Amino acid sequence: MGVYETPVMRLKGKQMAVVPEIRDAYLVVEDGVVAGYGAMKDMPAEISAVIAAPSADAVVEDLSGRFVFPAFADSHTHIVYAGSRETEYEDKIRGLSYVEIAKRGGGILNSADLLHRTSEDELYETAMQRLHQCVEGGTGAIEIKSGYGLSTEDELKMLRVIRRMKETAPIAVKSNFLAAHAFPRNFSDNHDGYVDLIVNEMIPLVAKEGLADFIDVFCDEGFFTVEQTARMLEAGAKYGMRPKIHANELALSGGIQVGVKYDALSVDHLEYVGKAERDVLRDSNTMATALPGAAFFLGMPYSPVREMIDDGLSVALASDFNPGSSPSASMKFVLSLASIKMKLTPSEALNAATVNGAYALGLAGTHGQISKGLKANFVITKPMPSFAYFSYSYTENLIEKVVVNK
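Attention here is on the structure that accompanies the text. (Residues numbered from 1 in each chain as written. Predicted model: local features only at pLDDT ≥ 70, side-chain atom pairs only at ≥ 80, totals over all residues. Heavy atoms only, no water.)

**Considering the sheet that holds strand β13 (residues 399–403)**
Neighbouring strands of a sheet are bound in pairs by backbone hydrogen bonds; such pairs are parallel or else antiparallel.
Here is step 1 of the chain: Read from one edge to the other, the open sheet built from 3 strands follows the order β3-β12-β13, with strand pairing classed as antiparallel. Each of the sheet's edge strands pairs with one partner strand only, and the pair in question is β3 (68–70) and β13. The sheet shows a mean angle of 25 degrees between the axes of neighbouring strands, taken without regard to direction.
Here is step 2 of the chain: The sheet contact formed by β3 and strand β12 (residues 378–381) spans 3 bridges and is antiparallel. The partner of P70 across the bridge, within β12, is F378. (Pairing = 2+ DSSP bridges. Helix = DSSP H or I, 4+ residues; strand = E, 2+ residues; numbered from the N terminus. Axes fitted to C-alpha atoms, helices over the stretch in contact; angles between N-to-C directions.)

**Side note on the side chain of S284**
Here is step 1 of the chain: Note on placement: S284 falls in the loop between α10 (275–282) and β10 (287–290).
Here is step 2 of the chain: Judged by relative accessible area, S284 falls into the buried class, the value being 8%.
Here is step 3 of the chain: A polar atom in the side chain of S284 sits 2.8 Å from the backbone oxygen of L281.
Here is step 4 of the chain: A polar atom in the side chain of S284 sits 3.1 Å from the backbone nitrogen of T286.
Here is step 5 of the chain: The residues touching S284, leaving out its near neighbours within four places in the chain, are R10 and V260. (Buried < 20%, exposed > 50% of the residue type's maximum accessible area, 1.4 Å probe, protein only. Polar contact = N/O pair within 3.5 Å; in protein donor to acceptor, adjacent residues only side chain to side chain. Contact = heavy atoms within 4.5 Å.)

**Here's the deal with the packing of aromatic side chains**
Here is step 1 of the chain: According to the stated counting rule, one finds 12 aromatic pairs in the structure shown.
Here is step 2 of the chain: Ring centres of F69 and F72 lie 5.9 Å apart, and the angle between their planes is 45 degrees; this geometry places the pair in the tilted category. In this structure, F69 and F72 share a single accessibility class: buried.
Here is step 3 of the chain: Arranged with centres 5.2 Å apart and planes meeting at 75 degrees, the rings of F69 and F390 form a pair that is edge-to-face. A residue pair is termed long-range when its members are at least 10 positions apart, and F69 in strand β3 and F390 in helix α16 (residues 388–392) qualify at 321 residues. For the pair F69 and F390, a shared accessibility class is recorded, and that class is buried.
Here is step 4 of the chain: An aromatic cluster of at least three residues, connected via ring pairs, comprises F69, F72, F387 and F390. (Phe/Tyr/Trp six-rings, centres within 6.5 Å; stacked < 30°, edge-to-face > 60°.)

**A word on the side chain of H78**
Here is step 1 of the chain: Mapped onto the elements of the fold, H78 is located in the loop between β4 (72–74) and α2 (86–93).
Here is step 2 of the chain: You can call H78 buried: its relative accessible area is 3%.
Here is step 3 of the chain: Among residues more than four places away in sequence, those in contact with H78 are K145, S146, Y148, L178, H181, H246, D320, F321, N322 and P323.

**Considerations on the pattern of salt bridges**
Here is step 1 of the chain: By the definition in use, this model includes 24 salt bridges.
Here is step 2 of the chain: R85 serves as the salt-bridge partner of E88, at 2.9 Å between the closest nitrogen and oxygen. Pair check on accessibility: E88 and R85 agree, each one buried.
Here is step 3 of the chain: For K275, the salt bridge goes to D279, with nearest N and O atoms at 2.8 Å. Remark: D279 and K275 occur in helix α10; sequence separation between them is 4 residues, near one turn of the helix.
Here is step 4 of the chain: In this structure D279 comes out as partly exposed when scored by relative accessible area, which is 33%.
Here is step 5 of the chain: Shared partners join several salt bridges into a network, and the residues in it are K275, R278, D279, R282 and D311. (Salt bridge = Lys/Arg side-chain N within 4 Å of Asp/Glu carboxyl O.)

**Notes on the pairing of strand β6 (residues 172–180)**
Here is step 1 of the chain: In terms of residue burial, β6 counts as a mostly covered element, since 8 of its 9 residues are buried.
Here is step 2 of the chain: Across 5 bridges, strand β5 (residues 139–145) lies against β6 in parallel orientation. Within β6, the residue paired with E143 across the bridge is K174.
Here is step 3 of the chain: Summarising the sheet, β6 and strand β7 (residues 214–219) pair through 3 bridges and their orientation is parallel. Its bridge partner being in β7, A180 is matched across the sheet by V217.

**Quick notes on the environment of P292**
Here is step 1 of the chain: Of note, P292 is situated in helix α11 (residues 292–298).
Here is step 2 of the chain: Overall, P292 belongs to the buried group, its relative accessible area being 1%.
Here is step 3 of the chain: Distance from P292 to G365, taken between C-alpha atoms, is 25 Å for residues 73 residues apart in sequence.
Here is step 4 of the chain: Among all residues touching P292, those that are not within four sequence positions of it are Y302, L317, A318, V334, L337 and M342.

Below is the structure:
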């Protein structure tokens, strides 16, 4: 599943409904790279010979009844954090909204308080534990954001943790500078002052240490305005940080339009998308990324990705793994939500979480697919009657093995 003779960059509209597959297949990996594949009936004699009499350095596995598909490319996570927020979970049960919790000093500000009191080493250890959860769930590449620091010192601390993770993780890691995640308490009445701090102090320091691949802004109702967002994206671009935007989670905020204007690699969340938003995305280089785990956890509307795909757009899926609105590493569950709640076919959901997810990570053509010469990053399932069963059986553990190489 997800086998391409020539690597693809991204898939749009009707292209997303097709997952190239080989039934009754063989797959050869050498030194962590895909060396060959094809139908068993076409297997070259030299490979047949290895299978018949494996050498000491060859491993042969019989995967009868199983499915092999690309490892997930999870393009939106917040897995560097200092503690869980289950008390807010109870607030949500009692009927408080995400915005109401934030106004009470909870939400992101709560995470910032916890992170400030936590050492870099402790943050690294706990974040690596979460990253291994992601890998065990089939993730082969991941983006990790800052945004729980909300001060120069603590944002740099988070990004240094992510740099350590890049160096030690078994999968590709991309870093995203998200100081514009919320307004810290000391700037509650001076929002433009906090934007000044990000532009004039944080961005140059982040760039000096080479800590971020991307710059992100929570451009939405009650958070950062379109004008503030534009200012920060322009400043980040001067230092080579490509934008990725939190947009339209809470309202038709203009976040999609400003993201496209500044050539954002992706605009994420997108619970609110109308014709104007679809039109601006259609011919852009920006990937529309949905986070159904957050909509599920918060009881919010799901992104209208069915309409977006039918309108010819590219759509990616990501976990949004974070302590406040999506405390889950499971991309398998994301696929289930995409089909059950957003009406994507299993093939469309897989492409959104692999090929298009890799595009949203800046890893187009190298991750999210199986192709000769690419790193071997794939999932091996337990025996299943069909691929659709993978997301249909939404709580069953169906991953037998995950093969990852950076």
